[in-house]
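Geometric and topological summary
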Amino acid sequence: MTEKIYIFDTTLRDGEQSPGASMNLEEKIQIAEVLADLKVDIIEAGFPIASNGDFEAVSEISKNIKGPTIAGLARAKLADIERAWEAVKFSDSPRIHTFIATSPIHMKYKLMKSENEVLEAIKQTVTFARNLCPNIEWSCEDGGRSNLDFLYQCIELAIECGATTINIPDTVGYTLPTEFGSIFKSVKNNVPNIDKAILSTHTHNDLGLAVANSIAAIQEGARQVECTINGLGERAGNAALEEIVMALKVKKDLIPFHTDIKTQSITKASRLVSSITGFSVQPNKAIVGANAFAHEAGIHQDGMLKNAETYEIMTPETVGLTESSLVLGKHSGKHAFSEKLKELGYELGDNALMELFGRFKDLADRKKEIFDEDLIALVGDRAASYNEKIKFVNLNVNAGSLEKHQAKLTILIEDKSKDIETDGNGPVDATFNAIKLLTNTNYKLKLYQVHAITAGTDAQGEVTVRLEDDQLTSQAKGSDPDIIVASAKAYINALNKLIYKKTRSKNEQISALKIEGV
Ligand code: KIV
Ligand code: ZN
């Protein structure tokens, strides 16, 4: 048996720090359930001091999700650590993850602390955390740009004070794999008590090297990898969980380690994170992109028919990707519908199932053939519209080359029906104008993107909308056979998210934390 690599998923914390990727409580719990099914070892559920919403999400996840260790993030401040403990303490296996920056540039300009002051903070905070919780992770933020001799001192001290995992992040995605690997090698060789802790890697993708750096760290002694589904995360994102796991699996001859990840659940996790956050996966993304297992060139197709291994280093089934199939029609019953959802990896409660079945029937009335992808979009739409202030009801548009473009829209705002008729420069513009007038909002539209979910002219359109206001952004998707309706749904989903984010930010100074560059 090979040595195990622990998978630490931070989709709900570092992933959520992606501009526009905020999630509500219900969505976070849904993702945590899928992560538990995927068999990740540790879920970093959030940053409890950041907001009451974050605190609630971490505590609900630690109460309800069984299997993985549940971690909460805390700066090197006693109040942060106490708050993190209050949120994770319900878990059967809680962890406090505390960090402080150790690079010269962060210490001088951000923390305004000397090396001795940082050492003092480590001593005080790690000791405090260890007195609350037996499982403590300590991270040296911007470890990739830290002075090695100082790093050794910090790590030795953190372990002495009770840290059980030492995480070295390449916070700004600056290092090369050889460089990052050699930091781990040096730490292993120069920190006398290093065998008392698990070494962990945490990488960002600014130079497109996050996964390569994680693998280099594993080769030099890291036994925990921090990563996110679809590589979601700050700026260019974090290391992608699915890429690391599959690299370890496919290259086990050269990297002789294993993970406990149930790889067949990877596709389901990727789709759920994409539909909840509104972040589409690029078609050519490794492992989970729509083209990752598609073979276009004739010579490749010929080879594949003769022997799949000619062009395929792993099978689509290993990551839970099955052939897109014609599934249900308008005569399908609830049982068949629920069985199909289970097959796609969605286990819903009775109420959610009934609601979704109603939406499915509406869709089946308008679209003859319903594919797996249509059902996945339906689940995503329901997740996005759950418990939201503004709800789409109906839309009629006048469009065409000779027509005046007009939209007649009805929505519910906190369950009160509102309607309006307005015009615009094209049907989408008229629709967005109607939403803005009815909701009395006028946020910047930063992204509007349309694509077809399946092939055929009757395919559902999937629209992505990103809105921005006051440095806060939100991104969401909407789907419908009518792309103008899909556009309205996507805009409303993004608007609901932005309103949620603005309220949270106002009440709880989330922006102040962001400025600290966490
Ligand atoms: O990138 C980073 O340094 C982090 C730490 C908080 C672990 O996300
Ligand atoms: Zn990070």
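Because the structure is predicted, anything quoted here is derived from the model rather than measured.

What counts as what
Residues numbered from 1 in each chain as written. Chains lettered and ligands numbered in written order. Predicted model: local features only at pLDDT ≥ 70, side-chain atom pairs only at ≥ 80, totals over all residues. Heavy atoms only, no water. Core = buried A, V, L, I, M, F, W, Y, C linked by side-chain atoms within 4.5 Å. Buried < 20%, exposed > 50% of the residue type's maximum accessible area, 1.4 Å probe, protein only. Helix = DSSP H or I, 4+ residues; strand = E, 2+ residues; numbered from the N terminus. Contact = heavy atoms within 4.5 Å. Donors = N, O, S within 2.8 Å, 3.2 Å for Na, K, Ca; no water. Salt bridge = Lys/Arg side-chain N within 4 Å of Asp/Glu carboxyl O. Pairing = 2+ DSSP bridges. Axes fitted to C-alpha atoms, helices over the stretch in contact; angles between N-to-C directions. Near = heavy atom within 4 Å. Polar contact = N/O pair within 3.5 Å; in protein donor to acceptor, adjacent residues only side chain to side chain. Areas by Shrake-Rupley, 256 points an atom, 1.4 Å probe, with all protein chains shown as cover. Parallel < 35°, antiparallel > 145°, perpendicular 65-115°, else oblique. Left-handed = near helix turned anticlockwise from the far one by under 90°. Nonpolar A, V, L, I, M, F, W, Y, C, P; charged D, E, K, R; others polar. Expected span 1.5 Å × (residues − 1). 1 Å grid on protein atoms, 1.4 Å probe; cavity = no way out; pocket = protein on both sides within 12 Å on 5 of 7 lines; lining within 4 Å. Points joined across faces, edges and corners; volume = space filled by probe spheres on them. pLDDT = per-residue confidence, 0-100.

**Examining the nonpolar core**
With 103 residues, the main nonpolar core has Trp-138 and Ile-155 as its most contacted residues. No other element matches the eight residues that helix α6 (residues 148–160) contributes to this core. For Trp-138, the residues in contact, after removing those within four places along its chain, are Thr-98, Ile-100, Thr-102, Ile-122, Val-126, Cys-154, Ile-155, Ala-158, Ala-163, Thr-165, Ile-166 and Asn-167. Counting residues in each nonpolar core, the second largest holds 27 residues, with Ala-490, Tyr-491, Ala-494 and Leu-495 among its members.

**Here's the deal with the coordination of the zinc ion (ligand 2)**
Coordination of the zinc ion (ligand 2) by the protein comes from Asp-14 (OD), His-202 (NE2) and His-204 (NE2), over a distance range of 2.0 to 2.1 Å. Counting gaps between the donor residues of the zinc ion (ligand 2) yields the pattern D-x187-H-x1-H. Neither His-202 nor His-204 differs from the other in exposure class; each is buried.

**What to know about the pattern of salt bridges**
Throughout the structure, instances matching the rule amount to 30 salt bridges. A salt bridge links Lys-28 to Glu-16; the nearest nitrogen and oxygen atoms lie 3.4 Å apart. Linking Lys-28 in helix α1 (residues 25–38) with Glu-16 in the loop between β2 (6–9) and α1, this pair joins segments that are twelve residues apart in sequence. A salt bridge links Arg-95 to Glu-137; its shortest N-O distance comes to 2.7 Å. Residue Arg-95 is found in strand β5 (residues 94–101), and its partner Glu-137 is found in strand β6 (residues 136–141); the two are separated by 42 residues along the sequence. Taking the relative accessible area as the measure of exposure, Arg-95 reaches 7% and is therefore buried. Residues joined in a network through salt bridges with shared partners are Lys-4, Asp-41 and Asp-260.

**A closer look at the sheet that holds strand β18 (residues 472–480)**
The strand order across the open sheet built from three strands is β16-β17-β18, with neighbouring strands paired in antiparallel fashion. Each edge of the sheet is formed by a strand with only one pairing partner; in this case those strands are β16 (444–452) and β18. Here the strands of the sheet are splayed against their neighbours by 15 degrees on average, with no regard to which way each runs. Of the pairings in the sheet, the one linking strand β17 (residues 461–469) to β18 comprises nine bridges and is antiparallel in character. Across the sheet, residue Val-465 finds its bridge partner in β18, namely Ala-476.

**Observations regarding the environment of Gly-478**
With respect to the helices and strands, the residue Gly-478 is situated in strand β18. Classification of Gly-478 as buried rests on a relative accessible area of 1%. The sequence separation of Gly-478 and Arg-382 amounts to 96 residues, and the corresponding C-alpha distance is 9.7 Å.

**Description of unusual backbone geometry**
At Lys-39, a position not held by glycine, the phi torsion is positive, near 70 degrees. Tracing the sequence through the fold places Lys-39 in the loop between α1 and β3 (42–46). Positive phi, normally seen in glycine, also occurs at Glu-414, with a value near 45 degrees. Inspection of the secondary structure puts Glu-414 in the loop between β14 (406–413) and β15 (416–423).

**Some remarks on the sheet that holds β3**
As summarised here, the arrangement of the eight strands in space is β2-β3-β4-β5-β6-β7-β8-β9, forming a closed barrel in which the pairing is parallel. Adjacent strand axes in the sheet meet at a mean angle of 25 degrees when their direction is disregarded. The strands touched by helix α5 (residues 115–132) within the sheet are β5 and β6, with β5 carrying the most contacts at an inclination of about 175 degrees. In the packing of helix α8 (residues 210–219) onto the sheet, contacts are made with β7 (165–170), β8 (198–203) and β9 (224–227), and the angle to β8 comes to roughly 165 degrees.

**Re the site of ligand 1**
Taken together, the neighbourhood of ligand 1 is formed by Arg-13, Asp-14, His-97, Phe-99, Ser-139, Glu-141, Asn-167, Pro-169, Thr-171, His-202 and His-204. His-202 places a side-chain nitrogen or oxygen 3.1 Å from an oxygen atom of ligand 1. Separating an oxygen atom of ligand 1 from a side-chain N or O atom of His-204 is a distance of 3.1 Å. For ligand 1, whose accessible area on its own is 260 Å², the fraction buried by protein is 98%.

**Quick word on the packing of α6 against helix α7 (residues 177–190)**
The N-to-C vectors of α6 and α7 enclose an angle of 55 degrees; their axes lie 10 Å apart at closest approach. As the angle between them shows, α6 and α7 are arranged oblique. α6 and α7 meet at a crossing whose hand is right-handed. From α6, Leu-148, Leu-151, Tyr-152 and Ile-155 reach across to α7, where they touch Ile-183, Ser-186, Val-187 and Asn-190. The residue makeup of the contact of α6 with α7, split by class, is six nonpolar, two polar and no charged.

**Describing α7**
Over its 14 residues, α7 extends 20 Å from the first C-alpha to the last, a length consistent with the 20 Å expected when each residue adds 1.5 Å. Where α7 is buried, its residues meet α6, β7, β8 and α8.

**Regarding empty space enclosed by the protein**
Summed over all chains, the structure comprises one cavity of 30 Å³ or more. As a volume, the largest cavity reaches approximately 40 Å³.

**Structural notes on the confidence of the model for the protein chain**
The share of residues in the protein chain with pLDDT of 70 or more is 94%, and the mean pLDDT across the chain is 91. The low-confidence segment residues 509–518, where pLDDT is below 50, has 22 contacts with residues more than four positions distant or belonging to other chains.

**Considering the layout of surface pockets**
Summary: where empty space remains is shown by rolling a probe the size of a single water molecule over the atoms. As a volume, the largest pocket reaches approximately 1200 Å³. Taken together, 39 residues line the largest pocket, and the ones lying closest to its centre are Arg-271, Gly-289, Ala-290, Glu-373 and Ile-453. Counting only elements with at least two residues in the lining of the largest pocket, the list comes to α10 (266–277), α14 (372–385), β16 and β18. When residues of the lining of the largest pocket are assigned to their parent elements, the largest contribution, seven residues, is made by α14. Tallied by class, the residues present in the lining of the largest pocket amount to 17 nonpolar, 14 polar and eight charged. Around the second largest pocket, the lining comprises 33 residues; the ones closest to its centre are Asn-230, Gly-231, Ala-236, Ser-280 and Gln-282. The set of elements that each furnish at least two residues to the lining of the second largest pocket consists of α8, α10, β16, β17 and β18.

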